[in-house]
Amino acid sequence: MLGRALRSAERRRRLLAGGLAPLPAPQVQLWRQTRTWARREGARYSTLVPSDEVTINYRHGLPVITLTLPTRRERCQFAVKPMVATVGAFLKDVRREDKGIVKAEVFTTDGSKVSDATLMEVLLRNDFKLLINSTAYSVSPPVKDKLSSEHATEMEDVKSLIHRLFVALHLEDHQIRKERELLQKLDHLKEQLMPLEQMKAKIMDSADAKTSRLLWVGLALMSTQGGALAWLTWWVYSWDIMEPVTYFITYGSAMAFYAYFVLTKQDYLYPDVKDRQFLHYFYRKSKAKHFNVEQYNKLKEDVAEAEESLRRLRQPLHLRLPIQEITNKD
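You'll find the chain entered in an unreviewed UniProt entry as Calcium uniporter protein, with Aythya fuligula given as the organism. Recorded in UniProt under Sequence similarities (unreviewed entry), the annotation for the chain is "Belongs to the MCU (TC 1.A.77) family."

Here it is as structure tokens:
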């Protein structure tokens, strides 16, 4: 018995010295743990943190979301504007605050992903889950009391008052700055327009003189024609001979007027004929003098537009003058 006990002790010493593998029981236990970890990796959230890690409080009417940054393990507050800010903007601010955040998403309590375009006001109406990297936070926003109709009316009055104060403080500066810009634009346009105006005045004087000279030539020719017909009728020939001549002269004049209508698509009216002839001389002279009519017209349109904008800017209603002064000016 003593020898058997010694041999058993020697065998155990040799086994421990040789570093043999552990017993089968721990192997089974390690296999079970690995199986459990694999099952966890297939889940949507690896860790579910209690709801007190992310809190929402209202300060000065704005919700303040407080959460723990995963990298620095610091509490950070994010004030959002629920009527303007979106879920995507909030998550972007969170990732910007902690560069170690790779993934940040928002899910509903049933596991549906919330779109980045959703307004924070809509998100804060119900509970949701905030996923940061591999950690999911269960968030329960505080319930806000619904505004009564009287309180809502007071809020609208306050908004209107703030708007009027903003207009009263900034509109005048905006009008002064805009008026200065329009005046500078007008001065620049008029400087460019001045040489063109001088050249245009000379061309118009020349075209008007030629048009007037042509009208006087036409009057002289008609007077000469009437005098020649009278001389031939009473001193050279008789009316019986000159009557067919005057008829064909009249018919020829009618044909000339009709040809003018066919070519110009306008009636032969003396004011229209004068204007047409004036434009003919004007454009021919402009081409000879290298006067750019298109550039001149464009500058005139810009000047008219700037003057109209300046006139509308200086309207009494925009300057908030009293009604009595507006009536006196009208």
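Having seen the structure, we can now continue with the description.
Secondary structure summary: the chain contains nine helices and seven strands in total. The burial tally for the chain puts 22% of its 330 residues in the buried class. When the accessible surface of the chain is split by element, carbon and sulfur atoms take 59% of a total near 25,200 Å².

Of note, the phi angle at Lys265 is positive, near 60°, even though the residue is not glycine. For His290, which is not glycine, the phi torsion reads 60° and is therefore positive. The exposure class of His290 is exposed, given its relative accessible area of 72%.

Turning our attention to the UniProt feature "transmembrane region" (unreviewed entry) in the chain. If you check UniProt for "transmembrane region" (unreviewed entry), the listed places come out as residues 214-233 and 245-263 in our numbering. Strand forms 0% of residues 214-233 and helix 100%; the C-alpha atoms that close the span are 29 Å apart. End C-alpha to end C-alpha, residues 245-263 measures 27 Å, and it is 100% helix and 0% strand.

Quick look at the packing of aromatic side chains now. All chains considered together, the criterion is met by six aromatic pairs. With a centroid separation of 6.3 Å and an interplanar angle of 25°, the aromatic rings of Phe278 and Phe282 are classed as stacked. Within this pair, Phe278 and its partner Phe282 are both found in helix H7 (residues 270-289), separated by four residues, close to a single helical turn. Both rings, one in Phe282 and one in Phe291, keep their centres 6.4 Å apart while their planes meet at 80°; by these two values the pair is edge-to-face. Of the two residues, Phe282 and Phe291, both sit in the buried class. Clustering of aromatic rings is evident, with ring pairs tying together Phe278, Phe282, Tyr283, Phe291 and Tyr296.

Spatially, E2-E3-E4 is the arrangement adopted by the three strands of the open sheet, whose pairing is antiparallel. Both outer strands of the open sheet, strand E2 (55-59) and strand E4 (75-79), are each paired with one neighbouring strand and no more. In this sheet, adjacent strand axes meet at a mean angle of 25° when their direction is disregarded. Pairing geometry for E2 and strand E3 (residues 62-68), over five bridges, is antiparallel. If you follow Tyr58 over to E3, its bridge partner there is Pro63.

On the surface, Trp231, Trp234, Trp235, Val236, Tyr237 and Ile241 cluster together into a nonpolar patch covering about 780 Å² of accessible area. Tracing the chain through its elements places Trp235 in helix H5 (residues 149-236). Trp235 gets classed as exposed once you look at its relative accessible area, which sits at 64%.

The next point concerns the pairing of E3. The buried count for E3 comes to six of seven residues, which makes it a mostly enclosed element. Connecting the antiparallel pair E2 and E3 is a turn made up of two residues, with His60 showing a positive phi of about 55°. Examined bridge by bridge, E3 and E4 share five bridges and lie antiparallel to one another. Bridge assignment links Thr66 to a residue of E4, and that residue is Gln77. The antiparallel pairing of E3 with E4 creates a hairpin that spans six residues between the two strands, and Arg73 there sits at a positive phi of about 55°.

Rules behind the numbers
Positions within a chain are numbered from 1, following the residues in the order the chain's sequence is written. In keeping with the predicted nature of the model, local features appear solely for residues at pLDDT of at least 70, side-chain atom pairs appear and are counted solely at 80 or more, and the whole-chain, interface and lining totals rest on all residues. Side-chain descriptors were evaluated using all non-hydrogen atoms of the structure, hydrogens and water having been removed beforehand. UniProt positions are given in the numbering used here, feature names are shortened, and annotations may be inferred rather than shown by experiment. Secondary structure elements follow DSSP: runs of H or I no shorter than four residues count as helices, runs of E no shorter than two count as strands, and numbering proceeds from the N terminus. When accessible area is computed with a 1.4 Å probe and restricted to protein chains, residues below 20% of their type maximum are described as buried, those above 50% as exposed, and intermediate ones as partly exposed. Accessible surface is estimated by sampling points in the Shrake-Rupley manner with a 1.4 Å probe; for residues, cover comes only from the protein chains shown. Between the rings of Phe, Tyr and Trp (Trp by its six-membered ring), a pair exists once the centres lie within 6.5 Å; its type follows the angle of the planes, with under 30 degrees stacked, over 60 edge-to-face, and the other angles tilted. If DSSP finds at least two bridges between two strands, the strands pair. Lines fitted to C-alpha atoms define the axes, with helix axes restricted to the stretch in contact, and inter-axis angles between N-to-C directions lie between 0 and 180 degrees. Like charges are joined within 9 Å and nonpolar side chains (Val, Leu, Ile, Met, Phe, Trp, Tyr) within 5 Å, but only among residues with over 30% relative accessible area and no salt bridge; these make up the patches. We define a salt bridge as a side-chain nitrogen of Lys or Arg found within 4 Å of a carboxyl oxygen belonging to Asp or Glu.

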